[in-house]
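Listed below, chain by chain, are the residues.
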Amino acid sequence: IHIMRLNMIAILVILFTSCNAQNNISADLPGYKIEVDVKGLSNENIFIANYIGDKMYYTDTAMVDSKGHAIFEDTVALEKGKYAFVFPNFNFLYFLVDEQHFSVKTDTLDYYQNAEAKDSPNNSLYFDYFRFLADLNKEKSALLKEKNDVNTSASRLSEITDALAEIDKKVKAKLKKEHESNKGTFYATVIGMIRPIDVPDAPEDAQGNIIDSTFRYNYYKKHYFDNVDFKEPAIYRTPEFHAKLDEYFNRVIPQVPDSMPAIIDRFVPNIDYDPHLKSFALRFLAANFKRSKYMGMETGFVHVVSKYFDKEDMADIDPERIQEAIDEAKDMKHTLLGKIAPDIKLHDPTITKFQTLHELKAPYTLLYIWSPTCSHCLEENPDVVDFYNKYHPQGIEVFSICADQELEDWKKYLQSHPDFAKMINLADSPGHRTKFRNLYNSRTTPVVLLLDENKKILTKRLNVKQVGEFLDALLKK
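Residues numbered from 1 in each chain as written. Predicted model: local features only at pLDDT ≥ 70, side-chain atom pairs only at ≥ 80, totals over all residues. Heavy atoms only, no water.

**Here's the deal with the packing of helix α4 (residues 186–194) against helix α6 (residues 239–252)**
- Remark: α4 packs on α6, axes separated minimally by 9 Å, with the N-to-C direction vectors making an angle of 25 degrees. When the interaxial angle is binned, α4 and α6 end up roughly parallel. The handedness of the crossing between α4 and α6 comes out as left-handed. Judged by residue contacts, Val190, Met193 and Ile194 of α4 engage Glu240, Phe241 and Lys244 from α6.
- Grouping the amino acids of the contact of α4 with α6 by side-chain chemistry returns four nonpolar, no polar and two charged. (Axes fitted to C-alpha atoms, helices over the stretch in contact; angles between N-to-C directions. Helix = DSSP H or I, 4+ residues; strand = E, 2+ residues; numbered from the N terminus. Parallel < 35°, antiparallel > 145°, perpendicular 65-115°, else oblique. Left-handed = near helix turned anticlockwise from the far one by under 90°. Contact = heavy atoms within 4.5 Å. Nonpolar A, V, L, I, M, F, W, Y, C, P; charged D, E, K, R; others polar.)

**A closer look at the pattern of salt bridges**
- According to the stated counting rule, one finds 24 salt bridges in the structure shown.
- Between glutamate 247 and arginine 251 there is a salt bridge, with its nearest N and O atoms 2.9 Å apart. You can see glutamate 247 and its partner arginine 251 sitting in helix α6, four residues apart, about one turn around the helix.
- Assessed through its relative accessible area of 47%, arginine 251 is described here as partly exposed.
- In this structure, the salt-bridge partner of glutamate 324 is arginine 321, at a minimum N-O distance of 3.9 Å. Remark: arginine 321 and glutamate 324 occur in helix α10 (residues 319–332); sequence separation between them is three residues, near one turn of the helix.
- Each of the salt bridges in this network shares a partner with another, and the network as a whole consists of Lys80, Asp98 and Glu232. (Salt bridge = Lys/Arg side-chain N within 4 Å of Asp/Glu carboxyl O. Buried < 20%, exposed > 50% of the residue type's maximum accessible area, 1.4 Å probe, protein only.)

If you want it as structure tokens, here you go:
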């Protein structure tokens, strides 16, 4: 009896060990292997693509056999992040890569409703969430269709509004539950980035009056990144993180140039620990501020590049590109909004008379850097003449500078355009070379700046007509 009991225990131990080994085998295998079965698809190429920010890049390709089966595999593991299966006609099925060996089944009738994952808890959860959204979206679409029907009664419209609000509540509740009950998974990390911030009501006094009307906004701004897991460096390989940055830096915080350096400095410690995450976030910030539609926001670009771009500590960027950005920031910092424009001394077309910017006495000065070989400049030049004719009687000057080093085309233009030639027109030449091209970052032309009487820069990145509108508002004060 004792021998039989010992044998049974040994058998149970062997079975338990074998089971554990089977469950953990994928964790020990090298590289990745993703098997896909697609009902309704055969003898077609399919792809997987990965995200970096909001951009997708093809990662691998596989051929679906006659039974709808395909295998993606390699000896090198995939980077953790968000991916997509790309099926014919650009049908996508998004999935997450944390586990490296798993399988997915789906159907061409509805890729998301029929998606099932095996050996990938992250994707089992992710596909369930997609199905949840799909069911609610059907309900929401039906309500919106009814709402837009002109024959829908007022009472029914009220019911529809309440029903739509209830759907939003369900989505928020689902996101909260999924995020909090799956902590520690990459799925929860992704869900956290789309989970809304719960903003409390503003405090009220004894009479029920709101004490601070900005409370909810300030709370939202302060807690905006609460649900972002910055300890997970792979967040930069998801579009959700890109969207989070875009929303915060373009719509949540006020677009005030002078406040950008402090806001950037508070944010950077979140991403400074990982070279890939840091590189992505800093590139986003630099590009975002450089192309901002708001005047003066290049202050953010100069601050990010000057303080944080480092050829030794940034991954995924060519050192030459880093140096180009550093050089551009050095040039750009001289003409930031609110700074005094650098003084320059240039000569007229005869190269006999010189004019210094800071010696020019005028309540306002339009500084205009252009090239006779620049088509955009030639389109802008008539507006410069109109500006001069309108404002020069009030003592306002135009300080026009040729950006070219060869001056023959410039001289010919002035000769053929006497209205333009009557303004202050200056240039430098090999015998009188200056640094104005660097000081005024005139890599592209035209450059249009409005200066006050102390030569402080009042406007940037506006065309001449817009500068005129800005000046009209100033003159009315």
